[in-house]
Structures are given as C-alpha cells and as structure tokens.
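Topology and contacts: notes
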Amino acid sequence: MLTEFTGKRICVAVSGGVDSVSLLHWLKGRETEYGYTLCAVHCEHGIRGEDSLRDARFVCEFCKNLGIELYNFSEDCPKRAERNKQSLETAARAFRIECFGRLLAEGKADIIATAHHKNDDAETVLFRLLRGTSLTGVGGISANNGQIIRPFLSWTRAEIEAYAKENGLDFCIDCTNLETDATRNKLRLHALPILEDCVAGGMENLTRFAKLASEDDELLYRLSQELLTMDAEGILVRFCKEKPLFRRACLTALKTLGVEKDYTALHLENAYALQALQRGAKQTFPKGVEAEKRENGVYFYRKREEVFEEKSPAKPFTKQGFEGGRYQVMVADTPILQDSEWRVLRLDRDKIPPTAVYRFREDGDYIRRFGGGTKTLKKFFNEEKIPVAERGFLPLIAEEHGEVYAVCGVEISDAVKVTDLTENIVYIAIRKG
C-alpha cells in the first residue's frame, strides 16, 4: 500500500490513543524505505476539558520526539453541535474533515492517514446492518478513497496493542470511549466481544461480507446507469422489471436532484410501483422532487427551482474558500486530488479581478466562451445539462453582478483560463457540504 506514496507528504491524524500513536510510529519506521514524508494533525474537540488539553500536549511531545511536524486545530464542538442542530458525534466528525481539507487545500499534505482498524470496520458493518441498511449501505470502511488512507485496516485492535507494547509506546486513554451511552460504544464494548465468543472469526466474517457486498453493489450500480437519460429539466429512468437495477437508477436520479439523505425504502417502492400505473401518474418525494410515469419510463424532476437549504451571502474571493450551503469550496496554490468527492478547476490567479466574489446565480449572469463571445449563464446550464435543482446552489466566482469567472466544479470563463504565459495557478475544488 505504501509504495504508491513515494514522494508524497502523508499527514497522520493523531488523537493520542493507542491506535493513532502506533500508526504514526509504524509509518515513521518506514519513511526512508518508501520515500514519503510524514507530518501529523491533532484535532482538539473541546469536549473533555483538561483531559482533552492533556492529550493535545502529549501528542505535541510525542511528535517532537519523533521529529515530526504537527498541525494543531481546536474547536468547541458542543457549541458547534448546538449551533448546527447536529449530534455531538456529527459535529466533531465535520470539524475533523474540515481540518483535513484545509491541510490538503493549503498543500501541507498530499494525503491524510487515519488509524481505523479491523475492529472499527466490523463495528461499522454491524451498526449499519442493525439499522436496516441496504446492500449499498452495508459496505465497510474504505482503505483508500483518494484523499484518506487507512493502513491499519487489516490489523485488529489486539495486534495494534501488541505493537504498542512491543515498542514501548505511551498513549492516552479517552474515558468517553468506555461509556455506553453511545450506540457504537455499546457495540464495541459488548456486542462484538459476545459475537466473537459465540462464533470464532465472526468479526473477520463481517468485514469479508462487507467487501463482497460492496463488489456486488458496484456492479449493480454500473448496470443501472444504462437505464438513465438526463436532460436540462430532469432524469428519465426507463422501465425495468429487475427491481435491484430500477431502484438504484432511481436513487441516482434522486441524489442528482439533491435528495441525499431524506429518502426511505418506501419512496423507492413507490417509484417502482409507478411503472404499473397509468401514464401521467405521479409520486412526490422529499425536497420538492416529483416522479411521473411517461411513455418510456419514470421521469424525476422539479417543477421549479426552489430553495430548500440556507445559502451563504456573497463574500469576497479569497484563499479561505467558501461554505456555500449545499457545497463547500476550497482554494489552493498547489494541485488538489480530484476524486469522487472533489471536483477541481484550474484558473489563472492573476486574471481574477480583486472585485470578484463568491456568490450564487442571478438574473443577467453571463460567462465568456472559450474562443470569444459570451453566453448567458442560463444558456450555459442548458447546454451543459446541469439539473435545474442544482443550478441555484452551485457557487460562482464572479463580479457582484453580471460576469461569471467560474462555475465551481463545472467550468471556467475564457477570461481566467490558464495559458503558457500563466505564472500563478489557483486550484478551485468543490464538494457536497
């Protein structure tokens, strides 16, 4: 796994616990052999008071002893959870992802390494199964998603603890991991040990099942894409008796129209049932999406563009990026890895006027075409077949009114394109927030 990171800068997420401390130590021991460079990041969540600050000091001293550069971030996650009406776990995870994103965007790291291991993977699979997930949701933790790697995913917790003992590593103990208020802690502390005691190798079998399920699901999704036809107004799912394929095609249509989390199994059953109803029959889905039976299939659309999420007001274009409601924008002077999460554009930094702002579409917007001339942003969206449901949520880099320099994640204007004369390239990356 490590051979592909020669010449890269790997940033290890270190909490101070045995897993992350062991991972940093293990990677340090292979740094010369594989030719990568290590740094570390510690995210202090503001949850455990002095204990949390103690862990931060420990990580700082540990990295200093290993000669590893450390980046520290701090956030009051309880306040963040209250402000965003999230669970504490969700708020803390979002904080960590933001920290990782900043390091990648600023060129301080090429890849983030986390210490997830085989027990975590089995716990995730079991948790998702018990919550009634489908084949799509049962997949375990990815070993490499393009920006985050998990070198210990094939290690058990016992193997990691044995490594720490063998190498005389000190580490911190987070007492909240021993509390059974959280469901996942109950699974980790009680359910998984009982299952392993009842069926030897049960944890291994859970992770193997998740891998096989993921492979099957990937094939079914690939086949389901053949049922889809997209136009500027919506998406047609052609008739299909095979429910696994039709259901996945409908899910793709719903997610493209902005329905990411609010659908249920009943919604998909209703979509499938439309095939047997008379032409013109409709079903309503979350976020204003409707599905209508037509001659060749079931058509998913929104009758008009509606605002379902809060959208941030316009702000000056800066390297700090933009939290744009549905989308997050990152800016960097060094290349950003483009993967399934991040869509990346390159612009000539010196051609972006100081008056440019981040904002959303307005009437009268236009963009310069490559080769000369201009077109309205509405016409551009139609030609690019951008779903109507997404158009009002795509962040723009533009003048306060009128000219658009970039539709983030989609296209740039001829006015800011990179040429042989470009001296300063800026990378603009966008992903769902």
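Residues numbered from 1 in each chain as written. Predicted model: local features only at pLDDT ≥ 70, side-chain atom pairs only at ≥ 80, totals over all residues. Heavy atoms only, no water.

Before going further, it helps to spend a moment on the pairing of strand β21 (residues 425–432). Within β21, 6 of the 8 residues are buried, which leaves it mostly tucked inside the rest of the structure. As judged from the 6 bridges shared by strand β13 (residues 327–332) and β21, these two strands associate in the antiparallel manner. For Val329, the partnering residue across the bridge sits in β21 and is Ile430. One ladder, built from 6 bridges, connects strand β14 (residues 343–348) with β21; its direction is antiparallel. Within β21, the position partnered with Leu345 by the bridge is Ile428. (Buried < 20%, exposed > 50% of the residue type's maximum accessible area, 1.4 Å probe, protein only. Helix = DSSP H or I, 4+ residues; strand = E, 2+ residues; numbered from the N terminus. Pairing = 2+ DSSP bridges.)

Membership of the largest hydrophobic core comes to 32 residues, with the highest contact counts inside it found for Phe317, Leu347, Ile352, Ile397, Val407 and Ile428. When residues of this core are traced back to their parent elements, those giving at least two are β13, β14, α12 (377–384), β18 (396–398), β19 (403–407) and β21. Considering each element in turn, this core owes the most residues, 4 residues, to β19. Leave out the neighbours within four places in its chain, and Val407 touches Leu345, Leu377, Phe380, Phe381, Leu394, Pro395 and Leu396. Judged by nonpolar contacts, the second largest core, of 29 residues, contains Leu23, Phe62, Cys63 and Ala164. (Core = buried A, V, L, I, M, F, W, Y, C linked by side-chain atoms within 4.5 Å. Contact = heavy atoms within 4.5 Å.)

Put simply, helix α6 (residues 118–130) and helix α9 (residues 202–224) touch, their axes get as near as 9 Å, and they point 70° apart. By the angle between their directions, the pair α6 and α9 is classed as roughly perpendicular. Along this stretch, α6 crosses α9, giving a crossing that reads as left-handed. Listed contacts from α9 to Lys118, Asn119, Asp121, Ala122, Val125, Leu126 and Leu129 of α6 are Met203, Glu204, Leu206, Thr207, Phe209 and Ala210. Here the contact of α6 with α9 is built from residues that sort into 8 nonpolar, 2 polar and 3 charged. (Axes fitted to C-alpha atoms, helices over the stretch in contact; angles between N-to-C directions. Parallel < 35°, antiparallel > 145°, perpendicular 65-115°, else oblique. Left-handed = near helix turned anticlockwise from the far one by under 90°. Nonpolar A, V, L, I, M, F, W, Y, C, P; charged D, E, K, R; others polar.)

In this fold, Pro193 is placed in helix α8 (residues 183–198). As a C-alpha pair, Pro193 and Met203 span 10 residues in sequence and 9.0 Å in three-dimensional space. Ignoring anything within four residues of it in the chain, the contact list for Pro193 reads Leu187 and Arg188.

In this fold, Ser413 is placed in the loop between β20 (411–412) and β21. By relative accessible area, which is 0% here, Ser413 ends up buried. The residues touching Ser413, leaving out its near neighbours within four places in the chain, are Ile367, Arg368, Phe370, Glu403, Val404 and Tyr405.

Looking now at α6. The terminal C-alpha atoms of α6, which comprises 13 residues, lie 18 Å apart, in line with the 18 Å expected from a rise of 1.5 Å per residue. Along α6, the residues that are buried comprise Lys118, Asp120, Asp121, Ala122, Glu123, Thr124, Val125, Leu126 and Phe127. Within two residues after α6, Gly132 carries a phi angle of roughly 85°, on the positive side. (Expected span 1.5 Å × (residues − 1).)

Turning next to the sheet that holds β13. Spatial strand order, β12-β13-β21-β14: 4 strands in an open sheet with antiparallel pairing. Strands with a single pairing partner mark the edges of an open sheet, and in this sheet they are β12 (322–324) and β14. Here the strands of the sheet are splayed against their neighbours by 20° on average, with no regard to which way each runs. Contacting β12, β13 and β21, helix α5 (residues 88–105) runs over the sheet at an angle of about 30° to β13.

With that settled, the discussion passes to the packing of aromatic side chains. One pass over the full model with this rule turns up 12 aromatic pairs. Note on Phe322 and Tyr358: the rings are 5.1 Å apart at their centroids and 0° apart in plane angle, and the pair reads as stacked. Placement of Phe322 in strand β12 and of Tyr358 in strand β15 (residues 357–359) is noted, with a sequence separation of 36 residues between them. Residue class for Tyr358 comes out buried when judged on its relative accessible area of 0%. A ring pair is formed by Phe322 and Phe360, whose centres lie 5.9 Å apart and whose planes are at 50°; its orientation type is tilted. (Phe/Tyr/Trp six-rings, centres within 6.5 Å; stacked < 30°, edge-to-face > 60°.)

Counting across every chain of the model gives 0 disulfides. Cys250 provides the cysteine sulfur closest to Cys240, a residue in no disulfide bond, and the two sulfurs are 9.6 Å apart. (Disulfide = S-S within 2.5 Å.)

Here the focus is unusual backbone geometry. The backbone phi angle of Lys287 is positive, close to 60°, even though this residue is not glycine. Here Lys287 shows up in the loop between β8 (282–284) and β9 (290–293). Residue class for Lys287 comes out partly exposed when judged on its relative accessible area of 22%.

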